[in-house]
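# Results of the structural survey
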Amino acid sequence: MCKRCETKPVIKLISGENLCRTCFLNYFERKVRKTIRVNKLIGKKENLLVAVSGGKDSLSVLDVLHSIYKGNRNVKISALLIDEGIKGYRENCIKATEKYCIEQKLLLNIVSFKEEFGFTLDKIVKGKRPCSVCGVLRRSLLNTKAREFDATKLVTGHNLDDEAQTIIMNQFRRNVDASSRLGPITGNENNEDFVRRIKPFYFMTEKEIMTYAFLKGLTHEFNECPYNVDSYRHQIREMLNKFEELYPGTKNSIVSSFMEILPLLKKQENKIKIKKCKKCSEPSSSEICQKCKILYEIASAKH
Amino acid sequence: MKAYYDRAGKELLFKAKNVEEMLLELKIMKNTIIVVVNNEVVNENYKFKTNDKIRILSVVSGG
């Protein structure tokens, strides 16, 4: 039975606590509010742009923020969806997002790789690392569009599982610089070329988010990107899931211990000089940004 | 009894009497799924009843 109200439980938390539908939804929203408050993710006046894909994480983060800030005139919320062009996967996600935004009267902007770069991900994926290519192009496009839309913060649905995976991936690859750019709020507040990113689901597990999405009826189809199975991240994810099963709380421990050393890593991040890419003038740590390097590779492969 | 497992794309047969035992029997990790019975989410303690319609939904990454 639910520990708080003695009704039928829907989930057993890592702590061992059983919660019913109502108590779980309250717990979920309260935990997100705490993450926002403790990490100072959202100020009194904001224009939030939520990066949505139509999957469980992004629709849930949009739903929770909409629920928290509905009626607050100083915090505006709109959504941005990037269509990478993944046939058989992205179409359903777009439909789910459009349906949600129409019902909730939220502004939805849709941009595509095809319109912005001249190709779909499906077209250029042969012989490439799809997740790396897609990740770089998406991040670049999110930042550019967030600036275009005058967003004060870009919201993503990154969760505890994502973050635990990234922390371990960076450790395995000895990439301290990349780790220094992690955390519930990222981006340089002194550089106006970057729109700061916030992750209200930083301490929520994927299972909690999926339960929330199901209970709120946000999406009925939980599809996975078909390219995901080939990725390095996928292997790390499988490994961490096995550890979590044997030692519950492992992912939480990885992220919580990382949070303790993050202030030290941030000092390292501040030493990295941000330049402007010589080709596109977007912020970059090198002369030519990753996006332009990838676009050059793709253009060269065509000829 | 039987449960539809979306990752396998088919129904799986099992003898277990509750969700926790079913997941052990089918060798499915509980942190990677949610279990839906008669269209309602249930936790590991749920005891199955005759004619329950059971679905095991994978916690997909991304999105």
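Structure shown above.
Procedures and definitions
- Residues numbered from 1 in each chain as written.
- Chains lettered and ligands numbered in written order.
- Predicted model: local features only at pLDDT ≥ 70, side-chain atom pairs only at ≥ 80, totals over all residues.
- Heavy atoms only, no water.
- Helix = DSSP H or I, 4+ residues; strand = E, 2+ residues; numbered from the N terminus.
- Buried < 20%, exposed > 50% of the residue type's maximum accessible area, 1.4 Å probe, protein only.
- Contact = heavy atoms within 4.5 Å.
- Areas by Shrake-Rupley, 256 points an atom, 1.4 Å probe, with all protein chains shown as cover.
- Lys, Arg positive; Asp, Glu negative; His and termini not counted.
- Charge placed at Lys NZ, Arg CZ, Asp CG, Glu CD.
- Phe/Tyr/Trp six-rings, centres within 6.5 Å; stacked < 30°, edge-to-face > 60°.
- Expected span 1.5 Å × (residues − 1).
- Arc of directions from axis to C-beta.
- Disulfide = S-S within 2.5 Å.
- Salt bridge = Lys/Arg side-chain N within 4 Å of Asp/Glu carboxyl O.
- Pairing = 2+ DSSP bridges.
- Axes fitted to C-alpha atoms, helices over the stretch in contact; angles between N-to-C directions.
- Buried area = accessible area lost by both parts, 1.4 Å probe.
- Nonpolar A, V, L, I, M, F, W, Y, C, P; charged D, E, K, R; others polar.

So, on to the overall build of chain B. Regarding its fold elements, chain B presents one helix and five strands. Order of helices (α) and strands (β) in chain B, N terminus to C terminus: β-β-α-β-β-β. Seen along its three principal axes, the alpha-carbon backbone of chain B occupies a region of about 35 × 20 × 20 Å. The burial tally for chain B puts 51% of its 63 residues in the buried class. Put simply, of all contacts in chain B between residues at least 6 apart along the chain, 45% involve residues at least 24 apart. Of the roughly 3,500 Å² of accessible surface on chain B, a fraction of 51% belongs to carbon and sulfur atoms. Taking the 11 positively charged and 8 negatively charged side chains of chain B as two groups, their mean positions are separated by 4 Å.

Residue and element names in this part refer to chain A. The final tally for this structure, using the stated rule, is 10 aromatic pairs over all chains. With centroids separated by 5.4 Å and ring planes inclined at 70 degrees, the aromatic side chains of phenylalanine 113 and phenylalanine 117 adopt a geometry described as edge-to-face. In this pair, phenylalanine 113 and phenylalanine 117 both sit in helix 4 (residues 113-117), four residues apart, roughly one turn of the helix. Ring pairs connect the aromatic residues Phe24, Tyr27, Phe28, Phe201 and Tyr212, which therefore count as one cluster.

Another point: helix 10 (residues 232-246) of chain A. Residues and elements named next belong to chain A. Here helix 10 spans 22 Å end to end across 15 residues, near enough to the 21 Å set by a 1.5 Å rise per residue. If you check which residues of helix 10 are buried, you get His234, Ile236, Arg237, Leu240, Asn241 and Glu244. An end-on view of helix 10 places all buried positions within 155 degrees of arc, on one side of the element. Helix 10 presents Gln235 and Leu246 as exposed residues on the side facing more than 90 degrees away from its buried surface.

It is worth spelling out the state of the cysteines at this point. Note on terminology: disulfide describes a covalent bond linking the sulfur atoms of two cysteines. All names here are of chain A. Summed over all chains, the structure comprises zero disulfides over all chains. Free of any disulfide, cysteine 20 has its nearest cysteine sulfur in cysteine 5, 3.4 Å distant. Overall, the relative accessible area of 4% leaves cysteine 20 in the buried class. Cysteine 292 forms no disulfide, and the closest cysteine sulfur to it belongs to cysteine 289, at a distance of 3.6 Å. Relative accessible area serves as the criterion here: at 9%, cysteine 292 is assigned to the buried category.

Residue and element names in this part refer to chain A. Tallied over the full model, the rule gives 19 salt bridges over all chains. Between aspartate 57 and lysine 56 there is a salt bridge, with its nearest N and O atoms 3.1 Å apart. Taken individually, aspartate 57 and lysine 56 each receive the classification buried, so the pair is uniform in this respect. Linking arginine 237 and glutamate 206 is a salt bridge whose minimum nitrogen-to-oxygen distance equals 2.9 Å. Of this pair, arginine 237 sits in helix 10 while glutamate 206 sits in helix 9 (residues 206-215), placing them 31 residues apart in sequence. For the pair formed by arginine 237 and glutamate 206, the shared burial category is buried. Each member of the salt-bridge network shares a partner with another, and the members are Lys56, Asp57, Glu206 and Arg237.

Pairing in this open sheet of five strands is mixed, and the strands run 2-1-5-3-4 (chain B) from one edge to the other. Two strands in the sheet have a free side with no partner beyond their single neighbour: strand 2 (10-13) and strand 4 (40-42) of chain B. Strand-to-strand twist in this sheet, taken as the mean axis angle between neighbours without regard to direction, amounts to 35 degrees. Bridge count for strand 1 (residues 2-5) of chain B against strand 2 of chain B is four bridges, and the pairing is antiparallel. Along strand 2 of chain B, the bridge assignment pairs Tyr4(B) with Glu11(B). Each of strand 3 (33-37), strand 4 and strand 5 (54-58) of chain B is contacted by helix 9 of chain A, which is oriented at about 30 degrees to strand 3 of chain B, the strand it contacts most.

At the interface, 29 residues of chain A touch 24 residues of chain B. Among the residues of chain A in contact with chain B, Lys207(A), Phe214(A) and Glu245(A) are the three that bury the most area, contributing 27% of the side total. Remark: the boundary between chain A and chain B carries one salt bridge. One salt bridge in this structure joins Glu40(B) and Lys8(A), with 2.6 Å as the shortest N-O distance. Secondary structure elements with two or more residues in the side of chain A that touches chain B: strand 1 (9-12), helix 2 (56-69), helix 9 and helix 10 of chain A. Of the residues in the side of chain A that touches chain B, the class split is eight nonpolar, eight polar and 13 charged.

A separate point is the pairing of strand 3 of chain B. All names here are of chain B. Among the five residues of strand 3, five are classified as buried, and the element is accordingly described as predominantly covered. Because side chains alternate across strand 3, one face comprises the buried residues Ile33, Val35 and Val37, and the other comprises Ile34 and Val36, equally buried. Summarising the sheet, strand 3 and strand 5 pair through five bridges and their orientation is antiparallel. Pairing of valine 35 across the sheet is with isoleucine 56, part of strand 5. Note that strand 3 and strand 4 share three bridges and pair antiparallel. Among the inter-strand pairings, valine 36 is bridged to a residue of strand 4, identified as valine 41. Between strand 3 and the antiparallel strand that follows it, strand 4, lie two residues; asparagine 38 among them carries a positive phi value of about 50 degrees.

These values are about where atoms sit, not about what they do.
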